[in-house]
Amino acid sequence: MKVLKFGGTSVGTPQRMKDVVKLINDGEQKIVVLSAMSGTTNQLYEIADYLHKKNPVGANENINKLEEKYLQHVEDLYATEEYKEQARAFLKEEFDYMRSFTKGIFTLFEEKIIVGQGEILSTNMVTFYIKEQGIDVELLPALDFMRTDKNSEPDLEYIREKLKLILAECPDKAIYITQGFICRNAYGEVDNLQRGGSDYTASLIGAAIGASEIQIWTDIDGMHNNDPRFVDKTSPIDSLSFEEASELAYFGAKILHPTCVQPARFAGIPVKLLNTMDPSAPGTTISNKTHRGTIKAVAAKDNITAINITSSRMLLAYGFLRKVFEIFETYKTSIDMVTTSEVGVSVSIDNTSNLSNILNELKKLGTVTVDVDMCIICVVGDLDWHNIGFESLATETMKEVPVRMISYGGSNHNISFLVSAADKQKALQSLSNHLFNNPTEVAKG
Ligand code: ASP
């Protein structure tokens, strides 16, 4: 069985919902994971924000606005009065439930329930529509099987067992629909898999049922070899290894959530990135296969801050790096890039919420300087050190751009450059021109 996930824009309007149903109604049995309609989750967070700020009037106004929007969708989506009626009754129940949160105390616990309503709405709307088309469908509530453990990690064993039981209770359905993003935590409370987490849901379900394939449907034709918003002449990548896809997702390729790849990777299930606007386009296949000696893509990660600590105490000393890293650990700040010399270390971070505390601590160890508004440019491919010439090719391409840090050798799949945000476009375009639009240069590996 395949698992297909459709993101917010793919179900963003009643017409898009109809297109999705046309696409999934091919006679093959499948589990379909849906996100909330685009914009809805943001609106739900906004409602939660009003409630945190103890403004029930503001929250109610926003709930009513959202309800009106969905009532209009009902008119546009269903052809028969019977289904319009059912959908309206469902929406009334849902929105009354949301309004009930404006009356009591509002904590993070209630927030989790509110922000997960977008997926409840989209999956029910689509399921009613599928039923109206006379197609055999079952809605599987994600809260019945998707669960995290005490470390907030997905509990794959539980998900596997539960799904098996649930599917056995309603076998032979043509289409199973379920919600992305939402789950329960180890204590059975409503929780979620973080923003953009529906990809993760699909990958976890795929791993749990041993799917033959996981398809992530968005509105572009696969992962591109560079960011089309900044660079001309980008093209979709046919295939990526799981490692390459993880690096690209982490370093800025928005099409895929960084956590999504892991469950599929461990279960060895190929992940396809496909385009709802052009369903016959081949898209990108992510699998265990590595293409030796090829550079696949470039991605950029914004809002990076570089910190340099220099100290003569580091010379020939041991334990200095541990002291530096412990400070970042204390302030729960993860480090992306690291470069070291005999007397100094530079690191890059993207979360600056504890920057002043971190700097105060680091100053006890040495002289500290900070560069803000930086950007990591990440070149991804089979960059094993035995492939002579690839890192020098990437570096040569950056010769017109001031580079603050370079990191190579941490994995076999990536070389990263830290540059000023102002130079991002120039760096990306230069890499595209030399690596992808001038094949003779790349062939030298
Ligand atoms: N609806 C959630 C979000 O907007 C999850 C998702 O779409 O993947 O973050």
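Before reading further, recall that the structure is shown in the block above.
Residues numbered from 1 in each chain as written. Predicted model: local features only at pLDDT ≥ 70, side-chain atom pairs only at ≥ 80, totals over all residues. Heavy atoms only, no water.

Q: How would you summarise helix α6 (residues 117–132) if you had to cite specific residues and measurements?
A: Think of an α-helix as turning once every 3.6 residues; residues three or four places apart then point the same way. End to end, α6 covers 23 Å across 16 residues, agreeing with the expected 22 Å (1.5 Å per residue, within 8%). The element α6 is largely enclosed, with a buried count of 15 among its 16 residues. Positive phi appears at Gly134, one or two residues downstream of α6, with a value of about 80°. (Helix = DSSP H or I, 4+ residues; strand = E, 2+ residues; numbered from the N terminus. Expected span 1.5 Å × (residues − 1). Buried < 20%, exposed > 50% of the residue type's maximum accessible area, 1.4 Å probe, protein only.)

Q: Lay out the site of the ligand in plain terms, naming residues and giving numbers.
A: With respect to spatial proximity, the complete set of residues near the ligand consists of Ser35, Ala36, Thr41, Glu119, Phe181, Arg195, Gly196, Gly197 and Ser198. Contact distances for the ligand include 3.0 Å between an oxygen atom and a side-chain N or O atom of Ser35. Separating an oxygen atom of the ligand from a side-chain N or O atom of Ser198 is a distance of 2.9 Å. Looking at side-chain class alone, the shell around the ligand contains two nonpolar, five polar and two charged residues. (Near = heavy atom within 4 Å. Polar contact = N/O pair within 3.5 Å; in protein donor to acceptor, adjacent residues only side chain to side chain. Nonpolar A, V, L, I, M, F, W, Y, C, P; charged D, E, K, R; others polar.)

Q: Summarise the packing of aromatic side chains; cite the residues concerned and give the values.
A: Two measures describe an aromatic ring pair: the distance that separates the ring centres and the angle between the ring planes. According to the stated counting rule, one finds five aromatic pairs in the structure shown. Ring centres of Tyr250 and Phe251 lie 5.1 Å apart, and the angle between their planes is 85°; this geometry places the pair in the edge-to-face category. Its relative accessible area of 33% is what places Tyr250 among the partly exposed residues. Given a relative accessible area of 6%, Phe251 falls into the buried group. Positioned above the aromatic ring of Tyr158, the side-chain terminus of Arg147 is 4.5 Å from the ring centre. (Phe/Tyr/Trp six-rings, centres within 6.5 Å; stacked < 30°, edge-to-face > 60°. Lys NZ or Arg CZ within 6 Å of the ring centre and 35° of its normal.)

Q: Describe unusual backbone geometry, with residues and values.
A: Of note, the phi angle at Phe181 is positive, near 75°, even though the residue is not glycine. Counting through the fold element by element, Phe181 comes out in the loop between β4 (175–179) and β5 (182–184). Unlike most non-glycine residues, Asp373 shows phi in positive territory, near 55°. A relative accessible area of 55% places Asp373 in the exposed class.

Q: Report on the sheet that holds strand β13 (residues 344–349), specifying residues and quantitative values.
A: With respect to topology, six strands assemble into an open sheet ordered β12-β13-β11-β14-β16-β15, the strand pairing being antiparallel. Single-partner strands in this sheet number two, and they are β12 (335–340) and β15 (403–408). Across this sheet, the average inter-strand angle for adjacent strands is 30°, counted without regard to direction. Examined bridge by bridge, β12 and β13 share four bridges and lie antiparallel to one another. (Pairing = 2+ DSSP bridges. Axes fitted to C-alpha atoms, helices over the stretch in contact; angles between N-to-C directions.)

Q: Please give an account of the packing of helix α5 (residues 108–115) against α6 that cites residues and values.
A: Running from N to C, α5 and α6 cross one another at 25°; their axes reach a closest spacing of 4 Å. Here α6 runs roughly parallel to α5, going by the angle between their axes. Counting all contacts with α5, which are made through Ile113, Ile114 and Val115, the residues of α6 involved are Gln117, Gly118 and Glu119. Across the contact of α5 with α6, the residue classes break down as three nonpolar, two polar and one charged. (Parallel < 35°, antiparallel > 145°, perpendicular 65-115°, else oblique. Contact = heavy atoms within 4.5 Å.)

Q: Which residues make up the environment of Leu273, and what values do they have?
A: Along the polypeptide, Leu273 turns up in strand β9 (residues 271–275). Note: C-alpha distance between Leu273 and Asp238 (35 residues apart in sequence) is 9.7 Å. In this view, Leu273 contacts Ile216, Gly222, Met223, Ile255, Leu256, Gly283, Thr284 and Ile286; residues no more than four positions away in its chain are not counted.

Q: Could you give an account of helix α11 (residues 320–330), with specific residues and numbers?
A: Every buried residue of α11 is listed here: Phe320, Val324, Ile327 and Phe328. Mapping the buried residues of α11 onto a view down its axis gives an arc of 95°, with all of them on the same face. In α11, the exposed positions that point more than 90 degrees away from the buried face belong to Glu329 and Thr330. Buried residues in α11 make contact with β11 (295–310), β12, β13 and α12 (355–362). After α11 finishes, the residue Lys332 shows a positive phi value of roughly 45°. (Arc of directions from axis to C-beta.)

None of this, on its own, says anything about what the molecule does.
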